[in-house]
Amino acid sequence: MLSHTTVKEWRGFRQHKPGQPWRYQPQNAQPDRLLERAGQTARVDHRSYERQGVEVVPGVHLGPHSTAVERKAAHQAEQEGREYEPRTYRARANADAAEKNGIAKALRHIIESAEQAIAKVQQAAEDLMDWFADLADEVGRDAIERKEQERQERQRAIMERLAREQREAQKRAEQESARQKLIDEGFTGGRKGPGGRRR
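In this text, all values refer to a predicted model and were calculated from it rather than measured experimentally.

**A few points about the overall build of the protein**
Within the protein, the regular secondary structure consists of five helices and zero strands. Starting at the N terminus, the α and β elements of the protein follow one another as α-α-α-α-α. For the protein, restricting intrachain contacts to residue pairs at least 6 apart in sequence, the fraction spanning at least 24 positions comes to 28%. With an accessible surface of roughly 17500 Å², the protein has 53% of that area assigned to carbon and sulfur atoms.

**Section: the side chain of Glu70**
The topology assignment puts Glu70 in helix 4 (residues 63-80). Buried Glu70, no salt bridge; nearest opposite-charge side chain is Arg92, N-O distance 6.5 Å. A polar contact is formed between the side chain of Glu70 and the side chain of Tyr84, at a distance of 2.3 Å. The contact partners of Glu70, leaving out residues within four places of it in the chain, are Tyr84, Pro86, Arg87, Thr88 and Ala91.

**Quick notes on the pattern of salt bridges**
Applying the stated criterion across every chain yields a total of three salt bridges. Between Glu165 and Arg161 there is a salt bridge; the shortest N-O distance is 3.8 Å. Residue Glu165 and its partner Arg161 are located together in helix 5 (residues 89-188), separated by four residues, close to a single helical turn.

**Topic: a nonpolar patch on the surface**
On the surface, Leu128, Met129, Trp131, Phe132, Leu135 and Val139 cluster together to form a nonpolar patch covering roughly 610 Å² of accessible area. Mapped onto the fold, Trp131 is located in helix 5.

**Quick look at the side chain of Ser66**
Note on placement: Ser66 falls in helix 4. If sequence neighbours within four positions are ignored, Ser66 has contacts with Thr88 and Arg90.

Criteria and cut-off values
- Every chain begins its residue count from 1, and numbering advances along the sequence as written.
- Where local features are concerned, this predicted model is filtered to residues with pLDDT of at least 70; where side-chain atom pairs are given and counted, the filter is 80 or more; whole-chain, interface and lining totals use all residues.
- For the side-chain quantities, the full set of heavy atoms in the structure was used; hydrogens and water were omitted.
- Helix and strand definitions here come from DSSP, where helices need a minimum of 4 consecutive H or I residues and strands a minimum of 2 consecutive E residues; each element is numbered from the N-terminal end.
- Only heavy atoms matter for contacts: two residues are in contact if any of them lie within 4.5 Å across the pair.
- For the area figures, the Shrake-Rupley method with a 1.4 Å probe applies, and any residue is considered shielded solely by the protein chains shown.
- Throughout this description, buried means an accessible area under 20% of the type-specific maximum (1.4 Å probe, protein chains only), exposed means over 50%, and partly exposed covers the range between.
- Residues counted as positive are Lys and Arg, residues counted as negative are Asp and Glu, and His and the chain ends are not counted.
- When a carboxyl oxygen of Asp or Glu lies within 4 Å of a side-chain nitrogen of Lys or Arg, that pair is called a salt bridge.
- Here a polar contact means two N or O atoms within 3.5 Å. Within protein one must be a hydrogen donor candidate and the other an acceptor candidate, and residues neighboring in sequence count only if both atoms are side-chain atoms.
- Patch rule: a residue counts if its relative accessible area is over 30% and it has no salt bridge; like charges are joined within 9 Å, and nonpolar side chains (Val, Leu, Ile, Met, Phe, Trp, Tyr) within 5 Å.

Bear in mind that shape data such as this cannot, by itself, settle questions of function.
Dropping the structure here:
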């Protein structure tokens, strides 16, 4: 229930100079202050839903006569145990607006859920791509290590072959030297020259 001070503030909010249209001024927004004082988060906005960018089908004001007719129809439907159906044009318009708003709200909820699901799928895809990248890095490192090991093995094999060829060449040189020595001794006939040396 509104206090006397609250009612006076509300009336002050509604007052404006005669002949001039009332304009919403945030600094004089007494209803907003009253709502805030009452612990409500809702605020008064003079703009239309369209200007606010809100996708809501607006309702129409019933007025006292239509309200009385609809209350009586609702009471009668409740007593007869049947579903209430609006009687007046304005009440039917409000019921249609409420139905459309309910459908729009459900569609927005479905779209938001789909967007959240898409975001989760995208995140999962990014995580999977990161996992594949890490795996590729590991496989790449393994491949590099294998190639390096193969290169070292090839280099070792080349060095061993060169060492073997060098040993074989040295062995051939020694054999050739021994053969040449035998040939030289064969030409001299194994005779000793002056000083007791073989020629």
